[in-house]
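In case you want the letters, here they are:
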Amino acid sequence: MKFSGKNVLVTGASRGIGAQIAKTLATHGLKVWINYRSGADAAEKIKEEIEAEGGNAAIIKADVTIEDEFNAAIKTIIDADNELSYLVNNAGITKDKLALRMSVDDFNDVINANLTSAFIGCKGALKAMGKKRFGSVVNISSIVGEMGNAGQTNYSASKGGLNAMTKSFAKEAAARGIRYNAVTPGFIQTDMTDELKDEIKAEYEKNIPLSRFGQASEIADAVAFLLSDHSSYITGEILKVNGGLYV
Ligand code: NAP
């Protein structure tokens, strides 16, 4: 994979898809900043795994829903490396409930974690990358932002908003040479989907044309492509990686 930049910040990279994105991008030669909120030990383990493979990684703690913390993290990175080349807004949560049982707090918490945090990151990246007239951002969205899902009115709204926001940032930032794209994973094997009951997982698998949940590495490969120079003419794209579940 061809990268012109030097570093990348991956939010929520202490486990799951974010951790795999960090590891994959390190194999392509980028210095990876592993962001975590509470999983200090897990983040340290990912850093050690990257270094054991000969990669370059650093750890940055921040709750990305808090504007000052997220901006301070970006500043720390720029102070250390003189730039932020790439950003992956991956951090996200679920608080699933049928809408009639969902409180406004449950709704707002998920919007804050999945959409507002990405706005802070996309804006911070535009400021930082705009100065260099170079950079690329990938937002980790979800298939349910495109097709909706019972029990996930909050989560699907956050991801549908993220898709639209990605396109808007792409339009605003293109003149400065900065690209914004999103990946919409289907069902991927992580802690998030481990919470699903076995019978529900089996039901989902029946409806996936490729007949299985995806691997985090399959999302990471799509992210690497969208960040890299191989996608230099792609911006504002929402790339489905879902085994054919929603086409
Ligand atoms: P996960 O295993 O639950 O990991 C989520 C990560 O986000 C954790 O590292 C967590 O850190 C971090 N995080 C959450 N809130 C944060 C905050 N406020 N500040 C900083 N970090 C925060 O989830 P995952 O399955 O890997 O999902 C990663 C992304 O992919 C999410 O955006 C999710 O919506 C999306 N996605 C996942 C699937 C799937 O099937 N798994 C499908 C579609 C989309 P802590 O440990 O500190 O909380």
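In case you missed it, the structure is sitting above this.
Quantities reported herein were computed from a predicted structural model and do not represent experimental measurements.

Draft legend 1. Just the site of the ligand, in detail. Near the ligand lie 30 residues; those nearest to it are Arg37, Ser38, Asn90, Tyr155 and Thr190. Between the ligand and the protein, one listed contact pairs an oxygen atom with a side-chain N or O atom of tyrosine 155 at 2.5 Å. In this structure, isoleucine 188 approaches the ligand through a main-chain N or O atom, which is 2.8 Å from an oxygen atom. Protein chains bury 95% of the 890 Å² of accessible surface belonging to the ligand in isolation. Residue contributions to the shell around the ligand peak at 3 residues, all from helix α7 (residues 191-194). Residue composition of the shell around the ligand, by class: 11 nonpolar, 14 polar and 5 charged.

Draft legend 2. Quick peek at the environment of lysine 97. Along the chain, the position of lysine 97 falls in the loop between β4 (86-89) and α4 (104-132). Taking relative accessible area as the criterion, lysine 97 reaches 37% and is therefore assigned partly exposed. Sequence separation of lysine 97 and asparagine 163 is 66 residues, and the distance between their C-alpha atoms is 22 Å. Look past the residues within four positions of lysine 97 in its chain and what remains in contact with it is Met102, Asp106, Gly151 and Gln152. There is a polar contact of 2.9 Å between the side chain of lysine 97 and the side chain of aspartate 106.

Draft legend 3. A look at the pattern of salt bridges. Taken as a whole and assessed by the stated rule, the structure comprises 13 salt bridges. Note that aspartate 109 and lysine 95 form a salt bridge whose closest N and O atoms lie 2.7 Å from each other. With a gap of 14 residues between them, aspartate 109 in helix α4 and lysine 95 in the loop between β4 and α4 connect regions that are remote in the sequence. Overall, aspartate 109 belongs to the partly exposed group, its relative accessible area being 32%. Among the salt bridges present, the one from lysine 240 reaches glutamate 146, with a minimum N-O distance of 3.8 Å. Residue lysine 240 is found in strand β7 (residues 238-241), and its partner glutamate 146 is found in helix α5 (residues 144-147); the two are separated by 94 residues along the sequence. Judged by relative accessible area, which is 38%, lysine 240 ranks as partly exposed. For glutamate 146, a relative accessible area of 22% gives the class partly exposed. One salt-bridge network, in which partners are shared between bridges, spans Lys23, Lys45 and Glu49.

Rules used in this analysis
Residues numbered from 1 in each chain as written. Predicted model: local features only at pLDDT ≥ 70, side-chain atom pairs only at ≥ 80, totals over all residues. Heavy atoms only, no water. Near = heavy atom within 4 Å. Polar contact = N/O pair within 3.5 Å; in protein donor to acceptor, adjacent residues only side chain to side chain. Areas by Shrake-Rupley, 256 points an atom, 1.4 Å probe, with all protein chains shown as cover. Helix = DSSP H or I, 4+ residues; strand = E, 2+ residues; numbered from the N terminus. Nonpolar A, V, L, I, M, F, W, Y, C, P; charged D, E, K, R; others polar. Buried < 20%, exposed > 50% of the residue type's maximum accessible area, 1.4 Å probe, protein only. Contact = heavy atoms within 4.5 Å. Salt bridge = Lys/Arg side-chain N within 4 Å of Asp/Glu carboxyl O.

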